[in-house]
Amino acid sequence: MTDRGNKVSIGGDVAGNFVIGDHNSIGPSSEGRAADKAAVPRLFVSYRIDDSVYAAAAIADQLTKVFGAENVFRDRDALALGELYPKKIRRALERCDIVLAVVGPSWLDVRDSAGQRRLDDPDDWVRTELRMAFDRDIPVVPVLLDGTPLPDFGQLPADITALTLSTCWQVRHQSFESDVRGLIDRLTAP
């Protein structure tokens, strides 16, 4: 039932839940917001374990409180034990609206056991995630930690140099909560 004058509806949502709501201001429940894909972005948090695992976890935690766990993908939160991560990561990237690339001070220079820079390996997961996002025209937001500069064009493999042109966001440990709140505000801005 709909009252067109007041824009109030009574009915069910896609999950079969009974809903009474005002079309102009749907409540903050994750179920109601998740159904409205335009209002709730699906986020993919990309990070390098050896560089920013704790910061990425803290950022993902704050994002999850606002957008819901179903709309924030971070591999360690989303993968079940024994699950094949390449398939799950690819599927999450295909479904996301925005990739947040968490870049800390050693992101560019993390090395493998042979002493080679991981980012130079075409099969490196961070590079693969960014390449897939750029190939699919998914916006990538570099989230720069504690004053880490945005990498220069010449520091990146050719297939992810678009990162140097992406609008970035700074997050500092001294102002973590307000910085992440600002990021959330920008992600939800019309």
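The coordinates are above.
On a predicted model such as this, the values are computed, not experimentally measured, just so you know. (Residues numbered from 1 in each chain as written. Predicted model: local features only at pLDDT ≥ 70, side-chain atom pairs only at ≥ 80, totals over all residues. Heavy atoms only, no water.)

Further remarks concern the overall build of the chain. Counting secondary structure elements, the chain contains 6 helices and 8 strands. Reading the chain from its N end, one meets helices and strands in the order β-β-β-α-β-α-β-α-α-β-α-β-β-α. Of the contacts made within the chain by residues no fewer than 6 positions apart, 64% connect residues no fewer than 24 positions apart. Element-wise, carbon and sulfur atoms account for 52% of the exposed surface of the chain, whose accessible area totals about 11,000 Å². (Helix = DSSP H or I, 4+ residues; strand = E, 2+ residues; numbered from the N terminus. Contact = heavy atoms within 4.5 Å. Areas by Shrake-Rupley, 256 points an atom, 1.4 Å probe, with all protein chains shown as cover.)

Next up on the list: helix H4 (residues 85–95). Taken as a whole, H4 has its buried residues at Ile89, Ala92 and Leu93. Here the buried residues of H4 occupy an arc of 100 degrees about the axis, which is enough to place them on one side. Turned more than 90 degrees off the buried face of H4, the exposed positions are Lys87 and Arg95. (Buried < 20%, exposed > 50% of the residue type's maximum accessible area, 1.4 Å probe, protein only. Arc of directions from axis to C-beta.)

Turning our eyes to something else, we now look at helix H2 (residues 49–67). Given 3.6 residues per turn, any residue in an α-helix points the same way as the ones three and four places further on. For H2, with 19 residues, the first-to-last C-alpha span of 23 Å runs short of the 27 Å given by 1.5 Å per residue. Approximately 35 degrees is the largest bend angle found in H2, and it occurs at Ala55. Every buried residue of H2 is accounted for by Asp51, Ser52, Val53, Ala56, Ile59, Ala60, Leu63 and Phe67. Where the residues of H2 are buried, they touch strand S4 (43–46), strand S5 (72–73), helix H3 (75–78), strand S6 (98–103), strand S7 (140–145) and helix H6 (176–188). Once H2 finishes, Gly68 follows within two positions and takes phi at roughly 90 degrees, a positive value. (Expected span 1.5 Å × (residues − 1). Bend = angle between axes of the 7 residues up to and from the residue.)

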